[in-house]
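Fold and geometry: a report
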Amino acid sequence: MSTRRLLVTSALPYANGHIHIGHLVEYIQTDIWVRFQRLAGNEVAYMCADDTHGTAIMIRAQKEGRSEESLIAEMREAHIRDFAGFDVEFDYYGSTNSEENRELCHEIWAALRKAGLVVEEDVRQLFDTEKGTFLADRFVKGTCPKCGAVDQYGDNCDKCGATYTPADLINPKSTLSGTTPEFRTARHLFVRIEDLHPFLTEWTQSGTHLQPEVANYLKGHFLGEPLRDWDISRPAPYFGFEIPDSPGNYWYVWFDAPIGYIAATKAWCKKTGSDFDSWWKTGPAEVHHFIGKDITYFHTLFWPAMLKTAGFKLPTFVHIHGFLTVAGEKMAKTKGTFVRGSTYLEHLDPAFLRYYYATKLSKGLDDLDLNLKEFEEKVNSDLVGKVVNLASRSAKFVQETGLATIYPEDGGLFAEAAAARDEIAADYDAGDFSAAMRKIMALADKANRYIDEKSPWTLRKDPSKADEVRQVCTVALNLFRQLAVYLAPVLPRLANQAGELLQTPIRSWNDVATPLVGTGVSPFTHMLKRVDEKQVQAMIEASKEPEPVAAPAVPATGAPTAAAGGVTPGASTDEATPVVDGPECLVAEPLAGVIAIDDFLKVDLRVVRVLAAEPVEKSKKLIRLTVSLGGDVRRTIFAGIKTAYDPATLVGRLIVVCVNLAPREMKGVGVSEGMVLAAGPGDKEIFILSPDSGAKPGQRLH
RNA sequence: GGCGGAGUAGCUCAGGUGGUUAGAGCAGCGGCUUCAUAAGCCGCGUGUCGGAGGUUCAAGUCCUCUCUCCGCUACCA
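All values derive from a computational prediction rather than experimental measurement.

With that settled, consider the overall build of chain A. Across its full length, chain A carries 21 helices and 26 strands. Here chain A, with 702 residues, has 50% of them falling under the buried criterion. Long-range contacts, defined here as pairs at least 24 residues apart, represent 72% of the contacts in chain A between residues at least 6 apart. A total of about 32400 Å² of accessible surface is found on chain A, and carbon and sulfur atoms cover 52% of it.

Our focus in this paragraph is the packing of aromatic side chains. Counting across every chain of the model gives 27 aromatic pairs. Judged by centre distance (3.8 Å) and plane angle (10°), the ring pair of Trp-230 and Phe-302 falls under stacked. Residue Trp-230 is found in strand β10 (residues 230-231), and its partner Phe-302 is found in helix α9 (residues 296-310); the two are separated by 72 residues along the sequence. Summarising the aromatic geometry, the rings of Tyr-428 and Trp-509 are spaced 5.8 Å apart at their centres and angled 85° between planes, so their arrangement reads as edge-to-face. With a gap of 81 residues between them, Tyr-428 in helix α14 (residues 421-430) and Trp-509 in the loop between α18 (492-501) and α19 (533-543) connect regions that are remote in the sequence.

Turning our attention to the state of the cysteines. The final tally for this structure, using the stated rule, is 0 disulfides. Cysteine Cys-48 remains unbridged, with the sulfur of Cys-269 as its closest cysteine sulfur at 16 Å.

Time to look at the packing of helix α1 (residues 21-39) against helix α11 (residues 350-360). Contact geometry for α1 and α11: axes closest at 10 Å, N-to-C directions at 80°. Overall, the two elements α1 and α11 adopt an arrangement that is roughly perpendicular. In this structure, α1 contributes Ile-21, Leu-24, Val-25, Ile-28, Asp-31, Ile-32 and Arg-35 to the contact, and α11 contributes Leu-353, Arg-354, Tyr-357 and Ala-358. Classifying every residue of the contact of α1 with α11 gives 8 nonpolar, no polar and 3 charged.

Before going further, it helps to examine unusual backbone geometry. Ala-236 connects to Pro-237 through a cis peptide bond whose omega is -5°. With respect to the helices, strands and loops of the structure, Pro-237 is situated in the loop between β11 (233-235) and β12 (249-251). Phi is positive for Gln-503, which is not a glycine, with a value near 55°. Among the secondary structure elements, Gln-503 is positioned in the loop between α18 and α19. According to the relative accessible area criterion, Gln-503 is partly exposed, its value standing at 46%.

Judged by nonpolar contacts, the single largest core of 168 residues is most densely connected at Phe-255, Trp-280, Tyr-357, Phe-375, Tyr-428 and Leu-501. The dominant element in this core, judged by the number of residues it contributes, is helix α17 (residues 466-487), at 13 residues. Beyond its immediate chain neighbours, meaning those up to four positions away, Phe-375 contacts Tyr-344, Leu-348, Phe-352, Leu-353, Tyr-356, Leu-370, Val-531 and Val-536. Listed in part, the 18 residues of the second largest apolar core include Ile-623, Leu-625, Val-627 and Val-657.

Once that is clear, we can look at the sheet that holds strand β18 (residues 605-615). Strands sit in the order β20-β19-β18-β21-β24 across an open sheet of 5 strands; the sheet is antiparallel. Edge strands, defined here as strands with exactly one partner in the open sheet, are β20 (634-639) and β24 (675-676). Bridge count between strand β21 (residues 654-658) and β24: 2 bridges; the pairing is antiparallel. What sits directly across from Cys-658, in β24, is Met-675.

Checked against the element boundaries, Phe-312 lands in the loop between α9 and β14 (317-321). Residues Phe-312 and Lys-281, spaced 31 residues apart in sequence, show a C-alpha to C-alpha distance of 5.1 Å. When near neighbours in sequence (up to four residues on either side) are disregarded, Phe-312 contacts Leu-104, Glu-107, Ile-108, Ile-262, Phe-276, Trp-280, Lys-281 and Leu-307.

Once that is clear, we can look at a nonpolar patch on the surface. On the surface, a cluster of nonpolar side chains totalling about 390 Å² of accessible area is made up of Ile-595, Ile-597, Phe-600 and Leu-601. Positionally, Leu-601 belongs in helix α21 (residues 597-602).

On to the side chain of Ser-394, then. As for its position among the elements, Ser-394 is in the loop between α12 (372-392) and α13 (413-419). The exposure class assigned to Ser-394 is buried, which follows from its relative accessible area of 1%. Not counting residues within four places of it along the chain, the set of residues in contact with Ser-394 comprises Cys-473, Ala-476 and Leu-477.

What follows deals with helix α2 (residues 55-64). When you tally the buried positions in α2, you get 7 out of 10 residues, the bulk of the element. Among the residues of α2, those classed as buried are Ala-56, Ile-57, Met-58, Ile-59, Arg-60, Ala-61 and Glu-64. Lining the buried residues of α2 we find α3 (68-85) and β5 (133-134). Remark: Gly-65 follows α2 within two positions and exhibits a positive phi of approximately 65°.

This part is about the sheet that holds β5. The strand order β5-β4-β9-β10 describes an open sheet built from 4 strands, whose pairing is antiparallel. Two strands in the sheet have a free side with no partner beyond their single neighbour: β5 and β10. Summarising the sheet, strand β4 (residues 118-128) and strand β9 (residues 182-191) pair through 10 bridges and their orientation is antiparallel. When the bridges of β9 are listed, Glu-121 appears paired with His-188.

Quick notes on the rules
- Residues numbered from 1 in each chain as written.
- Chains lettered and ligands numbered in written order.
- Predicted model: local features only at pLDDT ≥ 70, side-chain atom pairs only at ≥ 80, totals over all residues.
- Heavy atoms only, no water.
- Helix = DSSP H or I, 4+ residues; strand = E, 2+ residues; numbered from the N terminus.
- Buried < 20%, exposed > 50% of the residue type's maximum accessible area, 1.4 Å probe, protein only.
- Contact = heavy atoms within 4.5 Å.
- Areas by Shrake-Rupley, 256 points an atom, 1.4 Å probe, with all protein chains shown as cover.
- Phe/Tyr/Trp six-rings, centres within 6.5 Å; stacked < 30°, edge-to-face > 60°.
- Disulfide = S-S within 2.5 Å.
- Axes fitted to C-alpha atoms, helices over the stretch in contact; angles between N-to-C directions.
- Parallel < 35°, antiparallel > 145°, perpendicular 65-115°, else oblique.
- Nonpolar A, V, L, I, M, F, W, Y, C, P; charged D, E, K, R; others polar.
- Core = buried A, V, L, I, M, F, W, Y, C linked by side-chain atoms within 4.5 Å.
- Pairing = 2+ DSSP bridges.
- Patch = residues over 30% accessible without salt bridge, like charges linked within 9 Å, V, L, I, M, F, W, Y side chains within 5 Å.
- Salt bridge = Lys/Arg side-chain N within 4 Å of Asp/Glu carboxyl O.

What follows is the structure in C-alpha cells.
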C-alpha cells in the first residue's frame, strides 16, 4: 500500500477532572489505530492537548484559592502520566492555554470576521452580583415553575421534564454564592453559521467523512432547518482568551478547544521542524478526529465551518464512538465503577484494558460495556491461555539450539496466517478492532492445535528426534510471532517482548510475511500475568466513594484527589464511628436568603394522612396521593416519588404537605392540590417527612 | 417528558441489498493430555432471533403496533 500521511487527534480532555476508564475507550482506540498505521508504514502525527478554558475551571480555581494556571498545570501533569501508563503515545500533548492556540484563534477569528459571519446581539442572563459573574443555566437553581420541584437547574426540571429559561424559575439562587441573581444584559458575539449551510449539507452528506448514522442524525436534527447563530463569546470574568476586537469579551471554550488540535500540531512542528502547512493547509495529509458521540455536533458542524472559512484542511474522517458502561450501567462512584486511570494502574496491567476494549470496539456508535467477569475471562483465556501460551509451551525446548535454519514444513499454517494480513489490516483501518481480534484469536487456536498434535514434549523423550522438536518449535514460535505482530497495535509491550524472545525486533506489519529462522531464543520469562478476580475487586473497592454520612469532611481545597492507596478493605462503618456530616448537600443547594416571619407564615404546612396512593401509569416518577386533612377535607396530590417509594407502603402514613400552593395541572394526568415535603436529590434518594407519633391530620406546622 | 440506542444461546456479540437445518468466542458438561501462567486438545447447543400483526413463494433481516432495558438531556442543537 502507498504511504499515507495522517494527522490524528483524540478529543481534548477537560482540565477539570482526572482521566477515567470511560475516557480511555477513546484514547486507547485512537492509539491502537495510530500504532497500526505506523506499523503499516504510514506517517502519523498523533496530537492531543488539555482543554483548559471556561467557567468551570475558573470557578474551581477560585474555590481552591489558586490561579487557573496552577490548576491546569497540575491536571496536565496528571493527564500525561495517566496516558503514558496506558501506553497511549502522543507525538505532542499541548494545551489550549498556549501561545500557539492564541495565535490560531486570532487567525481563525479574523477569517470569520472577514467573511462577515460575526454578528452581535444582546443576551439577557442572570448575573451573580456577589461573585460579579454571569451565570450559566447550570449555575442557577430554583423551584420548577411547572411542578414545584425544588433544587432544579435553570434550563429544565428533572422532576417533571419541563423546559424553561432561568427567568421562569421560582426563587432562583446562584449556586456559586447562594445569593439571588439579577438579570443583566450583555453584548454577545455570534457566528452566523447558516451562511455555510449548503457547504455543511454537502460535506456531512457526502458519505465519506462520517459514519452513516451520524450523517443521518445531522440531517434529521439540524440540517433540515436554518442553523442557529452560534454564541461564541462570554463576558468577563472568564478564563480564556480575550477577543481582540471586542474588549471585555472572551471566546467561549468551545471556540478555542478544537483549535487546540491545530495549535498542538503547530507546537510539535516547531519542536521537530516538520512543515506545519503540509499538515493543515496543503498536500495530501489526512486529518482524522476521534471523538465521543456527545460532542458530535461541535465536530461535524461548527468545526468544519470554521476550518472551511479560515482555509484549513477539512477532516478526512470523524470517527465517533459510544460511551462506556460498566456491567450494563453507566459508571457510578457509589458502585466503584467510576474507575480512574491511575486507580486501574495500581491494580492491573494496562495491556488487559487495551485488549478488552479492542475486542469490543467496532465501527458503530454503540455503547461499549465493560463486564468485569468477562474482562477477566477474556484476558486470561485469550491472551494468557492462547497467545502467550504458545511461546510459553515451546520456547524452552529450543533455548539451546535456537530456531531451525530453514523454515520447516508446517502444513501451510504460516502461509495461512500471513494471508490474513490484508483482511486484518482492513479491519484495523476501518476501526473494526473486534473483528480483527476475532480473526487473530482464530489463528491462535490453530497454532495451539498444531503444537498439541506435534507434542514436542513427547518427541523430546526420543533423542533421535531432536531435530523434529526444533522444527516444531520453530513453527510454533513463528506462529506466535505473527500473532505478536497482529496484536502489536493493541499490545505494544508484548510485541517488544516477542522481539526480545526471538532476538529480532518487530518493526513492520509485513513481518508477518517472512518466517524467522536461525535466530537464538532467549530464556522464556512470563510476558503477562493472569488477572486475578481479587485484583479486579480491589480496584472496584478502591474506586468506591464512601457513603455520604460516613464521609470525612471534604478538604478545604475541594479537590477530589481521593485516597490513592488509602483504602482499608475491612473497615466497617456500622458502629462507633462518630457521625460526621459532609458539606456536599449545602454545596449542592446553598442556603436561601433570609425571609421575614410573615413570609414563612404564608406557607401553610399541614399534617395529613395518606388515604390512597397509586402509581401514575404514564409517568416514571409520579404517584397520585389522596390525603385527608381530617373531617372530610381531601386533597389529591401528585408527588414525584415513585422512584423511591412503593405506593402501597404509603397508605395510612402521616406526612407533611404544603396545602396552599396554587393547584397545578400535571401533564394531562390531573390537577395537583399540594406538595409533599421531602428531602433528597431525587431518584432513589427521596425522604418523605413524617411527624412524630401523636400528630393528627389537619394540624398546622409552625 | 423529549431525543437517541438496544433487545439473537448462561455471558459478550456476528449475522451488507430478505433465500438451504441462525453462527462465533467465553462460560458450562463429558472425555483426553500434562510441555505450558489450574494453560492445551476433542466432543456436546430443542435458542418462542423481546411480543403481536402484516408484506412476500420466502423475514432475525422490510412495514405497523407494542413491551422492556439503557444512554443523553453539558453556557448546548
